[in-house]
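Okay, here's what each chain looks like letter by letter:
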Amino acid sequence: METRIDQIVGGIYRISTWQEPYGITFNQFLIDDERPTLIHTGMHGLYDGIRAAITEVLDPARLANLILLHWEGDENGGMTRFMHDAPQSDLVGSLLSIQLNAYGFGLNNRVRGFRDGETFDLVRHKLRFLETPHVHHWDSMMVMEETTRSLFPSDLFIQPADQPPIVTENLSMTMLGLYRAAGIFAHELPVRQVISRIEKLDLAWIHPMHGGSFERAALPNYAKALTKNEFAFRGLLLGREIAAVAPM
Ligand SMILES: [Fe+2]
Ligand SMILES: [Fe+2]
């Protein structure tokens with residue numbers, strides 16, 4: 001299991017670990033700034049590789065923010081290890097995620113919840129938070145980095161297989177196949193509402209949590225695929241059929 005780190009644009013690094021059993025990469029994004037920020041911690045068990053990758057750029061003890069885009073193992077499973085490693089760091093999530101999950105799991109200190117539209121300065125970079133409920137959890141949010149016009153959409157725009165740091169190929173059909181098999185979205189509607197919002201953001205880069213980052217020109221491929229096709233849960237969970245759920 002190898003974890004690699006590559007700079008994508010303007011101090012934003014993609015850290016990526018290929019996970020054969022899932023058929024996808026698990027990515028984190030490091031923003032190198034006065035207030036260094038990690039978006040997604042990765043699973044608890046990936047910590048050593050991710051930490052080593054960060055060390056190629058900066059001292060992980062300097063991390064100021066650990067951002068989770070929804071409460072799930074691959075999003076924030078390593079949070080306690082990184083928080084321990086970086087004693088000044090805060091865990092950052094949507095207001096809902098912090099209220100429901102952080103407090104509920106006993107994390108009451110060094111946690112910050114953000115609402116839609118709020119911004120957060122890292123000095124050379126500036127983050128803007130978008131609450132995106134039900135894409136795919138109800139506490140989901142996305143983050144936009146304004147200086148590079150980058151969006152971190154977590155599990156939206158996933159591409160299967162071991163993708164390079166930057167993808168140019170149109171992988172939208174394999175994305176749909178993965179969504180149908182994995183069952184991560186309950187319904188198409190909240191996804192499509194967020195897509196029409198994303199299309200108005202004048203983005204230069206999109207950095208999915210699984211797959212490769214892509215530039216503005218590729219966004220319409222993925223947006224169109226999700227607008228024109230069904231991809232929500234129809235009885236399959238990670239490829240396993242739930243017998244009690246009748247296919248529609
Ligand atoms: Fe997720
Ligand atoms: Fe994920």
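In this text the structure is predicted, and so the values were computed from the model without any measurement.

(A) Structural detail: the environment of M141. With respect to the helices and strands, the residue M141 is situated in strand β10 (residues 141-145). Taking the C-alpha atoms as reference points, M141 and E131, 10 residues apart in sequence, are found 4.3 Å from one another. Those residues in contact with M141 that sit more than four places away from it in its chain are I67, L68, L69, V92, G93, S94, F129, L130, E131 and T132.

(B) Quick peek at the coordination of the iron ion (ligand 2). On the protein side, the iron ion (ligand 2) has D74 (OD), D155 (OD), M209 (SD) and H210 (NE2) as donor atoms, found 2.2 to 2.6 Å from it. Taken together, the four donor atoms coordinating the iron ion (ligand 2) span angles of 83 to 167 degrees at the metal, a pattern that classifies the geometry as irregular. Each donor residue of the iron ion (ligand 2) lies on the same chain, and together they follow the pattern D-x80-D-x53-M-H. Here the iron ion (ligand 1) and the iron ion (ligand 2) are spaced 3.6 Å from one another, each receiving a donor from D155. Of this pair, D74 sits in helix α2 (residues 73-76) while D155 sits in the loop between β11 (150-152) and α5 (172-182), and the two are 81 residues apart along the sequence. Note on accessibility: D74 and D155 belong to one class, buried.

(C) Main features of the environment of L66. When you line up the elements, L66 lands in strand β5 (residues 65-67). Put simply, L66 and T37 are 29 residues apart on the chain and 6.1 Å apart in space, counted from C-alpha to C-alpha.

(D) Summary view of the layout of surface pockets. The computed volume of the largest pocket comes to approximately 400 Å³. As for the largest pocket, its lining consists of 19 residues, and the residues nearest its centre are Y22, I24, A182, I184 and L238. Listed by contribution, the elements that provide at least two residues to the lining of the largest pocket are β3 (24-31), α2 and α5. Among the elements that line the lining of the largest pocket, the one with the most residues is α5, at three residues. Considering only residue class, the lining of the largest pocket consists of 11 nonpolar, five polar and three charged.

(E) Examining the coordination of the iron ion (ligand 1) more closely. Binding of the iron ion (ligand 1) to the protein goes through H70 (NE2), E72 (OE), H136 (NE2) and D155 (OD), at separations of 1.9 to 2.3 Å. With four donor atoms in place around the iron ion (ligand 1) and angles of 84 to 160 degrees between them, the coordination shape is irregular. Ordering the donors of the iron ion (ligand 1) by residue number gives the pattern H-x1-E-x63-H-x18-D. Overall, the relative accessible area of 26% leaves E72 in the partly exposed class.

The rules behind the values
- Residues numbered from 1 in each chain as written.
- Chains lettered and ligands numbered in written order.
- Predicted model: local features only at pLDDT ≥ 70, side-chain atom pairs only at ≥ 80, totals over all residues.
- Heavy atoms only, no water.
- Helix = DSSP H or I, 4+ residues; strand = E, 2+ residues; numbered from the N terminus.
- Contact = heavy atoms within 4.5 Å.
- Donors = N, O, S within 2.8 Å, 3.2 Å for Na, K, Ca; no water.
- Tetrahedral: all angles 85-135°; square planar, octahedral: opposite > 155°, others 65-115°.
- Buried < 20%, exposed > 50% of the residue type's maximum accessible area, 1.4 Å probe, protein only.
- 1 Å grid on protein atoms, 1.4 Å probe; cavity = no way out; pocket = protein on both sides within 12 Å on 5 of 7 lines; lining within 4 Å.
- Points joined across faces, edges and corners; volume = space filled by probe spheres on them.
- Nonpolar A, V, L, I, M, F, W, Y, C, P; charged D, E, K, R; others polar.

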